[in-house]
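Fold and contact review
These are the residues of each chain, in order.
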Amino acid sequence: MVNVLYAVGDPLACLQSIFHLLKPGGVLAFSTTHKETRLDPLLDAIKKQLKETGKYDALAKDYERLYEANKDIEQTIALRHSRDEYKEWVKTAGFVIIKDVPSTYEGAVMLIHALKPDDRSSTDIK
């Protein structure tokens, strides 16, 4: 799931539903913004890449729409929850976190991989 949890009204209920649907031993991977997210570094990196590859002029209007939409998301829903809240919801839903990257994509999101344990899975996975 890429950029889903920040947008849903009840992230815990979403995670619980996924846990119910996922087969034992399955892995949920997601990225999401969090309270400490600042999108400017990511948006600046995108603009820089477009300029360096000579594509900015052709895509300037698209970039501006992308920029405005993301700044609106940042100001309204993207910063509602903390990293710790997301991790707690993952655990409460029944998953075991097997990978935790606190900051990626120019610091815009956190990344979690979470295992749905089965009878043979260890809950001590790091």
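One structure accompanies this document, and this report is about it. Only a predicted model underlies this, so the values are computations on that prediction, with no experimental measurement involved.

**Quick notes on the overall build of the chain**
Secondary structure assignment for the chain yields 4 helices and 3 strands. Secondary structure elements of the chain, listed N to C terminal, follow the sequence α-β-α-α-α-β-β. The dimensions of the chain, computed from C-alpha atoms along their principal axes, are 55 × 30 × 25 Å. Going through the 126 residues of the chain one by one, you find that 31% of them count as buried.

**Focus on the layout of surface pockets**
By volume, the largest pocket is sized at about 240 Å³. Lining the largest pocket are 16 residues; nearest its centre among them are Asn3, Leu39, Leu42, Asn70 and Val109. Sorting the residues of the lining of the largest pocket by element identifies α2 (40–52) and α3 (56–76) as the ones contributing at least two each. Residue classes in the lining of the largest pocket are distributed as 12 nonpolar, 4 polar and no charged.

**Some thoughts on the pairing of strand β2 (residues 96–104)**
The sheet contact formed by β2 and strand β3 (residues 109–115) spans 6 bridges and is antiparallel. Opposite Lys99, over in β3, you have His113 as the bridge partner. If you look at the hairpin formed by β2 and β3, you'll find 4 residues sitting between the two strands, and Tyr105 has a positive phi there, around 55 degrees.

Rules of the game
Residues numbered from 1 in each chain as written. Predicted model: local features only at pLDDT ≥ 70, side-chain atom pairs only at ≥ 80, totals over all residues. Heavy atoms only, no water. Helix = DSSP H or I, 4+ residues; strand = E, 2+ residues; numbered from the N terminus. Buried < 20%, exposed > 50% of the residue type's maximum accessible area, 1.4 Å probe, protein only. 1 Å grid on protein atoms, 1.4 Å probe; cavity = no way out; pocket = protein on both sides within 12 Å on 5 of 7 lines; lining within 4 Å. Points joined across faces, edges and corners; volume = space filled by probe spheres on them. Nonpolar A, V, L, I, M, F, W, Y, C, P; charged D, E, K, R; others polar. Pairing = 2+ DSSP bridges.

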